[in-house]
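Observations on chain architecture
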Amino acid sequence: MKKPELLAPAGSFDSLKASIQAGCDAVYLGGELFGARAQAKNLSMDDLLYAIDYVHRYDKKLYLTVNTLLKEAELRDSLAAFLQPVYRQGLDAVIVQDTGVLRFISEIFPELPVHLSTQMTINTADAANFYMNSSAGKNITRFVPSRELSLAELAEMKKKTPLEMEVFIHGALCYCYSGQCLMSSMIGGRSGNRGRCAQPCRMAYQCETVSGRRVKAAGDYLLSPKDICTLELIPDLMAIGIDSFKIEGRMKRFEYAAGVTSVYREVIDRCMELGLDGYREYCANHPQDLMKEQKKLMELYNRGGFSQGYIKEKQGSEMMSMVRPNHNGIKVGTVQSITGISAEILLEEAVSWQDVLEIRNDDENALYEFTVGNGAKEGQLYITNVKPKSGVMQGQSVYRTKNDALLKDIEEKYSNSEKKLPIKGHVIAITGRPIRLTLHYNDSTCVVDGDVLQEAQNRPVTEEDIQKQMYKTKDSPFEFELLEITLEGSGFIPVSKLNELRRNGLDKLEKTIVERFRREDWPLQKSVKPDQYTKDSRYDEEYQSYAADCPLPGFLVRISSQEQLLPVIENSFTDIVVLDISDMTLDQAVAMAAACAENKKRCYLGMPRILRENGMQVIRQYETLLLSDMIDGVMLRNTEEVAYIESLNWKKTIILDSMLYVTNKQSKRFWYENGSFLLTASLELNNDELQELGCEDLILQIYGRIPLMVSAQCLNHNTIGCRGGKDGEEVMLTDRMGKHFPVKTYCRGCYSVLYNSENYSLLSHKDEVMNLHPKQLFLDFVFESKEEVQMTLSMASDAYFEDSQNKSRKTGWTTKGHFHRGVQ
């Protein structure tokens with residue numbers, strides 16, 4: 001059985017150090033640029049270089065997060081300079097989301113291993129293998145699949161790919177599939193794809209049906225999942241061969257990172273010691289041990305308890321923390337009585353000085369928070385004064401949200417001390433020759449020579465003298481586990497020279513250890529500076545054919561229902577009709593494709609937003625239609641669909657949706673090198689950024705309801721109940737500003753989409769749009785009625801092709817998205 005890597009978060013150097021001391025095998029962290037946790041205490045370049053050497057000294061690994069989408073100017077001007085020093089220093093791997101970054105690294109840093117981020121929304125082995133076999137795949141060694149996958153899906157995936165798999169085992173869980181969230185971006189301009197998520201999923205919302213009926217839920221935090229804890233599932237994950245167990249938490253303090261790491265370290269080691277069946281038997285016979293570890297994890301951080309995520313559960317309200325979106329703590333007591341402002345609390349758990357306790361009402365709302373002055377034992381009464389009119393009453397629960405003793409224990413064990421590295425040494429002291437010290441640590445060896453041993457005039461040096469000075473390693477990271485001394489003759493050497501020999505030897509050993517990881521600078525492009533390379537004009541020459549083939553842009557229109565079809569095919573400016581089969585039967589799709597053919601409109605099939613192994617059965621029902629003469633192309637939304645279409649030996653047109661992000665020229669090059677694709681511009685670029693990217697070869701969306709979240713959770717299921725695929729009323733969310741966010745449930749794919757409160761519209765911005773010279777103009781209809789589709793297309797036609805004075809009319813409340821403002 002292979003021992004999995006334990007991968008810990010390091011939002012600061014304190015977290016890195018503590019996690020290493022707590023027993024992790026590797027850490028992942030961000031630098032000052034391009035990481036998905038821009039608000040963490042990310043390391044400066046100097047600290048990052050030191051951190052690489054620090055982890056290598058302990059025979060651990062460091063992975064750098066470059067798991068955001070880069071704009072053209074960032075990739076061109078900053079990425080190479082950012083990566084060059086850490087590449088030389090010996091960075092173990094870089095975590096990547098952007099296909100442009102992937103391509104750039106494969107060409108400029110060919111020896112740098114790449115891990116594909118969970119932000120790439122990889123749901124099948126076919127998708128992972130597509131990237132591995134791509135033109136930029138030679139660096140890829142590992143991928144992080146979506147957190148929504150079950151144990152069975154992970155096991156099947158592991159069988160079908162040679163790549164390493166890294167799975168989240170503990171920490172915060174997003175409501176949305178990672179990489180599919182635009183909510184923070186569209187609401188507040190802080191993009192999760194850029195590491196600046198404002199966590200709108202942790203805010204309160206009201207739920208109601210589209211008819212306006214208020215829906216009573218368990219709480220108001222309808223998009224807030226519990227943290228995951230897979231302590232009991234570690235043997236199952238080890239059994240299917242997962243290579244790396246990842247702990248989430250770069251935004252949390254070092255005590256969290258180290259404490260969680262220490263718990264999972266113990267479990268993994270025990271599994272290796274006892275075997276998986278032996279460990280399961282141990283847990284069955286010692287349930288209190290597992291409960292103790294789970295309690296420790298709960299004290300460090302939990303949201304309304306833990307769930308096991310999607311590894312064993314498909315979805316459901318039991319995975320959600322609807323009452324409280326932040327740390328819940330653990331229950332430590334109950335208010336026994338109230339006398340004036342004095343409250344007596346009967347303790348179920350011991351409390352210590354500086355613990356933080358919170359008294360809550362029956363709705364779990366905090367009424368009063370206080371810090372413990374004097375500790376008390378389980379079963380004792382603890383007396384505290386409470387605020388007048390705070391609402392504290394007899395029978396209310398008391399929770400501990402900070403266990404100060406636990407945090408101090410973690411600090412003492414893993415932050416205030418460092419484990420010494422065991423080394424072996426050999427001192428050869430022969431009179432008349434230089435004294436020699438040879439040191440060994442794992443695969444590293446060094447030799448240093450000192451002064452010549454002179455014939456002793458009085459007392460000769462002894463083995464005990466040499467040993468005493470060699471063992472003084474307190475100021476170094478090493479300690480001797482074995483020291484051999486060869487002493488010949490009656491020589492003498494001053495104590496100061498022995499100390500100097502030891503210091504020189506330990507310094508040289510430390511350098512020898514870390515220098516094994518150094519790389520040569522720019523192995524393929526030594527004579528070309530990185531910024532010169534990325535500004536190379538060959539891009540425009542090589543790919544100008546994609547723009548040259550552009551006709552004058554007409555409308556590419558995606559529709560979701562039969563009633564939307566007629567006004568689309570009747571519009572003379574519609575070139576292509578895309579039938580979104582996500583919520584469309586095969587019979588409906590066949591009939592609509594036939595109608596498109598009769599009206600001489602090219603017809604494409606639009607694929608679902610999420611495709612997992614179980615969804616492949618649904619997609620294959622459409623194969624006959626896909627391969628028929630009625631269908632001229634496809635519009636794909638994920639890499640699983642790219643791999644599937646390629647397996648059909650596809651010769652027709654392929655359009656990639658905007659959620660397969662294209663934000664820089666390198667990402668264009670990636671897709672052009674790996675298939676014959678038409679690309680859609682990202683919705684997170686503003687006008688100037690689109691201009692710099694170049695839209696001559698891109699489809700540009702000018703209208704539609706932007707999807708903010710794609711989730712394996714189902715608001716219908718969690719509030720009014722599962723429809724089981726049957727027709728029924730959808731729900732929507734209302735935020736504190738009174739904005740309504742409609743939700744659409746796609747039961748066949750078992751996912752739901754939360755859409756923006758306003759339609760995205762560039763119908764009144766013809767001049768700016770046309771100055772971009774896009775290949776095609778894209779309109780996306782989801783909720784619109786036949787009449788609304790007709791009106792919108794009429795307005796679009798007037799604005800873009802008739803030069804009408806009505807071009808500034810709006811279709812209700814609309815937003816320009818990021819077309820002018822852009823994202824951080």
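Residues numbered from 1 in each chain as written. Predicted model: local features only at pLDDT ≥ 70, side-chain atom pairs only at ≥ 80, totals over all residues. Heavy atoms only, no water.

1. Some details on the sheet that holds strand β15 (residues 356-360)
Strand order in this open sheet of 6 strands is β16-β15-β18-β13-β14-β17, and the pairing throughout is antiparallel. Taken across any chain shown, the strands that pair with only one partner, and hence form the sheet edges, are β16 (366-371) and β17 (381-385). Each neighbouring strand pair of the sheet contributes to a mean axis angle of 35°, computed without reference to strand direction. Where β15 meets strand β18 (residues 397-402), 5 bridges bridge the pair, whose relative direction is antiparallel. Residue pairing for β18: R360 is matched across the bridge by S397. (Pairing = 2+ DSSP bridges. Helix = DSSP H or I, 4+ residues; strand = E, 2+ residues; numbered from the N terminus. Axes fitted to C-alpha atoms, helices over the stretch in contact; angles between N-to-C directions.)

2. Let's talk about the pattern of salt bridges
One pass over the full model with this rule turns up 46 salt bridges. With its nearest N and O atoms 3.2 Å apart, the salt bridge here joins R637 to D580. You can see R637 sitting in the loop between β28 (633-636) and α21 (639-647) and its partner D580 sitting in strand β26 (residues 574-580), a full 57 residues away along the chain. Considered together, R637 and D580 belong to a single accessibility category, that of buried residues. (Salt bridge = Lys/Arg side-chain N within 4 Å of Asp/Glu carboxyl O. Buried < 20%, exposed > 50% of the residue type's maximum accessible area, 1.4 Å probe, protein only.)

3. Regarding the packing of helix α9 (residues 254-274) against helix α11 (residues 287-300)
Running from amino to carboxyl end, α9 crosses α11 at an angle of 160°, the nearest separation of the two axes being 9 Å. Considered as vectors, α9 and α11 are oriented roughly antiparallel to each other. The way α9 lies across α11 gives a crossing that is left-handed. Contacts between α9 and α11 involve E255, Y256, G259, V260, S262, V263, Y264, E266 and R270 from the former and D289, E293, K296, L297 and L300 from the latter. Each residue belonging to the contact of α9 with α11 can be placed in one class, and the counts come to 6 nonpolar, 2 polar and 6 charged. (Parallel < 35°, antiparallel > 145°, perpendicular 65-115°, else oblique. Left-handed = near helix turned anticlockwise from the far one by under 90°. Contact = heavy atoms within 4.5 Å. Nonpolar A, V, L, I, M, F, W, Y, C, P; charged D, E, K, R; others polar.)

4. Points about the side chain of S797
In this structure, S797 sits in helix α26 (residues 786-801). We classify S797 as buried; its relative accessible area is 5%. In terms of polar contacts, S797 uses its side chain to reach the backbone carbonyl oxygen of L793, at 2.8 Å. Excluding its chain neighbours within four sequence positions, the residues that come into contact with S797 are F555, N571, F573 and E802. (Polar contact = N/O pair within 3.5 Å; in protein donor to acceptor, adjacent residues only side chain to side chain.)

5. Details of the pairing of strand β14 (residues 342-347)
With burial as the criterion, only one face of β14 is covered, namely that bearing A343, I345 and L347; the residues S342, E344 and L346 on the opposite face remain uncovered. Two elements, strand β13 (residues 330-339) and β14, share 6 bridges in a ladder whose sense is antiparallel. Bridging from a neighbouring strand, I338 pairs with A343 of β14. Between the end of β13 and the start of β14, which pair antiparallel, lie 2 residues, with G340 showing a positive phi angle near 65°. When β14 meets β17, the two strands line up antiparallel, connected through 5 bridges.

6. Things to note about the pairing of strand β19 (residues 421-430)
As paired strands, β19 and strand β23 (residues 478-488) are joined by 10 bridges and run parallel to one another. Looking at the pairing, P422 lines up with E479 of β23. Of the strand pairs in this sheet, β19 and strand β20 (residues 434-441) are connected by 5 bridges, and their pairing is antiparallel. Residue H426 lies in a different strand from β20, and its bridge partner there is T438. Connecting the antiparallel pair β19 and β20 is a turn made up of 3 residues, with G432 showing a positive phi of about 95°.

7. A closer look at unusual backbone geometry
The phi torsion at C750 lies on the positive side, around 55°, for a residue other than glycine. Checked against the element boundaries, C750 lands in the loop between β34 (740-746) and β35 (751-755). Owing to a relative accessible area of 22%, C750 belongs among the partly exposed residues under this scheme. A positive phi angle, close to 55°, is found at H773, a residue other than glycine. Assignment of secondary structure puts H773 in the loop between α25 (766-771) and β37 (776-780). What makes H773 partly exposed here is its relative accessible area of 49%.

8. With respect to the sheet that holds strand β33 (residues 731-734)
The 6 strands are arranged β9-β8-β33-β34-β35-β32 in an open sheet whose pairing can be described as antiparallel. Two strands close off the open sheet at either side, each with one partner strand: β9 (214-215) and β32 (707-711). Here 4 bridges tie strand β8 (residues 206-209) to β33, and the two strands are oriented antiparallel to one another. Directly across from E208, in β33, lies its bridge partner M732.

9. A few points about helix α2 (residues 45-57)
For α2, which comprises 13 residues, the first-to-last C-alpha distance of 19 Å matches the rise-based estimate of 18 Å (1.5 Å per residue) to within 8%. Those residues of α2 that fall on the buried side of the exposure criterion are L48, L49, A51, I52, D53, Y54, V55, H56 and R57. Of the residues flanking the end of α2, it is D59, one or two places downstream, whose phi is positive at about 60°. (Expected span 1.5 Å × (residues − 1).)

10. Things to note about the side chain of S682
Relative to the helices and strands, S682 resides in the loop between β30 (677-680) and α23 (687-693). In this structure S682 comes out as buried when scored by relative accessible area, which is 4%. Among the polar contacts made by the side chain of S682, one reaches the main-chain amide nitrogen of E684 at a distance of 3.0 Å. Leave out the neighbours within four places in its chain, and S682 touches Y661, V662, T663 and L690.

11. Details of the environment of I610
Counting through the fold element by element, I610 comes out in the loop between β27 (602-606) and α19 (613-620). A C-alpha to C-alpha distance of 9.1 Å links I610 and Y177, two positions 433 residues apart in sequence. Once residues lying within four places of it in the same chain are set aside, the contact partners of I610 are T121, N123, Y177, N638, V710 and Y751.

12. Comments concerning the confidence of the model for the protein
The share of residues in the protein with pLDDT of 70 or more is 94%, and the mean pLDDT across the chain is 92. For residues 524-543, every residue scores under 50 in pLDDT, and the model assigns this stretch 28 contacts once sequence neighbours within four places are set aside. Of the regions scoring below 50 in pLDDT, residues 546-551 engages in 10 contacts with residues more than four places distant in sequence or in other chains. (pLDDT = per-residue confidence, 0-100.)

13. Some words on the nonpolar core
L16, L62, Y131, L223, I645 and W671 are the most contacted members of the largest nonpolar core, which has 210 residues in total. For this core, the leading source of residues is α9, giving 9 residues. Residue contacts for I645: discarding those within four places in its chain leaves M607, L626, V634, L636, W650 and I654. Listed in part, the 21 residues of the second largest apolar core include Y177, V710, Y746 and Y751. (Core = buried A, V, L, I, M, F, W, Y, C linked by side-chain atoms within 4.5 Å.)

14. Some thoughts on the environment of I140
Assignment of secondary structure puts I140 in strand β6 (residues 140-143). Separated by 73 residues in sequence, I140 and N67 place their C-alpha atoms 14 Å apart. With residues up to four places along the chain from it excluded, the contact list for I140 reads L102, V114, L116, Y131, M132 and L163.

15. Overview of helix α1 (residues 13-22)
Most of α1 is tucked away: 8 of the 10 residues are buried. Buried within α1 we find S15, L16, K17, A18, S19, I20, Q21 and A22. The elements touched by buried residues of α1 are β1 (5-9), β2 (26-30), α2, β3 (61-66), α9 and α12 (404-415). Backbone geometry just after α1 places G23 at a positive phi near 115°.

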